[in-house]
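# Observations on chain architecture
Below are the chains, spelled out letter by letter.
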Amino acid sequence: MRIAVVGTGYVGLVSGTCFAEFGIDVCCVDKDADKIKYIKNGGIPIYEPGLDDLVAKQIKAGRLSFTTDLSEAMQGAIAVFIAVGTPPRPEDGHADMTYVQEAAREIAKNMNDYTVIVTKSTVPVGTARTVRKIIAEELESLGKPDIEFDVCSNPEFLREGAAINDFLRPDRVIVGVESERAAAVMRDLYRPLYINETPMLVTSPETSELIKYAANAFLATKITFINEIANLCEQTGANVQQVAKGIGLDGRIGSKFLHAGPGYGGSCFPKDTLALTQIGNTHGAPQHLVETVVKVNAQRQRDMAQRVIDACGGDVKGKRIGVLGLSFKPETDDMREAPSLQIIPILQENGAKIAAYDPVAMDEAKKHLDNVEWCKDSYAVAKDADALVIITEWNEFRALATARLAETMKTKTLIDLRNIYNPDIMRERGFHYISVGRQTINPDTETGLKKAS
Ligand code: NAD
């Protein structure tokens, strides 16, 4: 079997490579000629653990190729996956469908035989219908109205940083189709998962499209919920990590996405929550809960900047603030909607001088942030710092030599927005240590219990 993947970004490149790993011949297309040239020369345009080896392996096996030419990619392809971006429209937050629609038109031009057009991009409810209409009109105008095709919604749930494992071992595969013929093609493509008993839920395209938004909005809500509980913990002396554990052990709730922090970011949650609120309004079913989540999360990031200012005695003017971690989460160089992009500018507006380090995202970060001293490691960031802020919980920040930090810092203030250190230990080491949801009334021990004297 052969497929084409249109859009060779995070999702297209990972999906295409993993389909090749399933034994399918895959040709990935991108209109960005530089990106395709870079990949053909052995480069990987994104940071994703394990992807370079898998891409090299599949190219060598002859199952994976890259091109800018869609007609070449679609030769003999039974399915064409659309994996282009659907960013929020700046004016209203609606998903911008320009790239998907453009891709649909180009696909129609190159169709010669029955093809399943699959939207892998995250798209609003009704997109499959729109794509079907675009393709039918295009085929009609090209004088080839008899070519049969189906449109399928197959949302992607991979997480950056764990994308390969997520694709090869997903919790489920969602397939939104209107014909058994298209469902059969999708089952064939996902056969290695299907025979492994990965649940494959076959639904209507509308249901499939909504599942993706509902899943992301639910996860974003969980994060926002625990962040607000963290605020309450700080006011009452409770410990948010223990609250999260206590509720997460309830099988109905689950322990994941209950880590309090600086608010969600990334290329999916912010845009998908916003898009869902717009979809709700368009269809006369406002999503009040998700609207609140969007507002609370935006405020959360501003509050975290204020937390840093407060930790510095209410004034950061002229102070050197060291930032550890810039990407929206560890194991990715993706800076889209990263909390650091909200927090750092607020600190700068208040007169702070920023020194920063991230293990892989600094090149990306430089495109978004100005007037930052880019450092080679955590210790260079700490040098002469009035405060250090951990924004992203990269593993290498979990075991910093705190004595070495303390020696070089001007003031031993550490604001840990990811709760990766133990408050007791940090206080014992002489740090003015501030974290999230653990500002206990009784700070003698992390349990909140008095130590036996
Ligand atoms: P991306 O910006 O990394 O990649 C999109 C690629 O599509 C770019 O390389 C662009 O040049 C290319 N492109 C655009 N129009 C094209 C066209 N007409 N022909 C060929 N190439 C074209 O985006 P991404 O992060 O991979 O996201 C893609 C979609 O998948 C989005 O809808 C996103 O919401 C969804 N998604 C993303 C993730 C994630 O973690 N990044 C996870 C699940 C779903």
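Model, not experiment: these values are computed from the prediction.

Moving on: the site of the ligand. Every one of the 26 residues lining the ligand counts as a neighbour, but Asp-30, Lys-35, Thr-86, Glu-160 and Lys-271 are closest to it. Between an oxygen atom of the ligand and a side-chain N or O atom of Asp-30, the distance comes to 2.6 Å. Interatomic distance of 2.5 Å between a side-chain N/O atom of Lys-271 and an oxygen atom of the ligand. Going through the elements one at a time, α1 (10–21) and α5 (98–109) are the ones with two or more residues in the shell around the ligand. The leading source of residues in the shell around the ligand is α5, at three residues. A per-class count over the shell around the ligand returns eight nonpolar, seven polar and 11 charged. Both domains that furnish three or more residues to the shell around the ligand are identified here as domain 1 (2–203) and domain 2 (208–453).

Here we take up the environment of Gly-251. Residue position: Gly-251 is located in the loop between α11 (240–248) and α12 (269–282). A C-alpha to C-alpha distance of 41 Å links Gly-251 and Leu-64, two positions 187 residues apart in sequence.

Next up on the list: the domain arrangement of the chain. Assigned domains of the chain: these are domain 1 (2–203) and domain 2 (208–453). Distance between the C-alpha centres of domain 1 and domain 2: 34 Å. Facing 32 residues of domain 1, the contacting portion of domain 2 comprises 25 residues. For the pair domain 1 and domain 2, the summed buried area comes to about 2,200 Å², and 56% of that belongs to carbon and sulfur atoms. Contact with domain 2 buries area across many residues of domain 1, yet Tyr-47, Val-125 and Glu-160 alone supply 28% of it, more than any other trio.

The phi torsion at Glu-337 lies on the positive side, around 55 degrees, for a residue other than glycine. At Asp-384, a position not held by glycine, the phi torsion is positive, near 60 degrees. Relative to the helices and strands, Asp-384 resides in the loop between α16 (378–382) and β12 (387–390).

Tracing the backbone through its elements, the reader meets Lys-40 in helix α2 (residues 33–40). Classification of Lys-40 by relative accessible area gives exposed; the value is 56%. Sequence-wise, Lys-40 and Glu-228 are 188 residues apart; in three dimensions their C-alpha atoms are separated by 47 Å.

Quick look at the nonpolar core now. With 61 residues, the main nonpolar core has Ile-321, Leu-326 and Ile-354 as its most contacted residues. Those residues within four positions of Leu-326 in sequence are excluded, and the remaining contacts are Met-335, Ala-338, Ser-340, Ile-344, Ala-356, Tyr-357, Asp-358, Met-362, Ala-365, Leu-369, Trp-374 and Thr-392. In this structure, Val-5, Val-26, Val-175 and Ala-183 belong to the second largest nonpolar core, which totals 44 residues.

Reading guide: rules and limits
Residues numbered from 1 in each chain as written. Predicted model: local features only at pLDDT ≥ 70, side-chain atom pairs only at ≥ 80, totals over all residues. Heavy atoms only, no water. Near = heavy atom within 4 Å. Polar contact = N/O pair within 3.5 Å; in protein donor to acceptor, adjacent residues only side chain to side chain. Helix = DSSP H or I, 4+ residues; strand = E, 2+ residues; numbered from the N terminus. Nonpolar A, V, L, I, M, F, W, Y, C, P; charged D, E, K, R; others polar. Domains from an automatic or database assignment. Contact = heavy atoms within 4.5 Å. Buried area = accessible area lost by both parts, 1.4 Å probe. Buried < 20%, exposed > 50% of the residue type's maximum accessible area, 1.4 Å probe, protein only. Core = buried A, V, L, I, M, F, W, Y, C linked by side-chain atoms within 4.5 Å.

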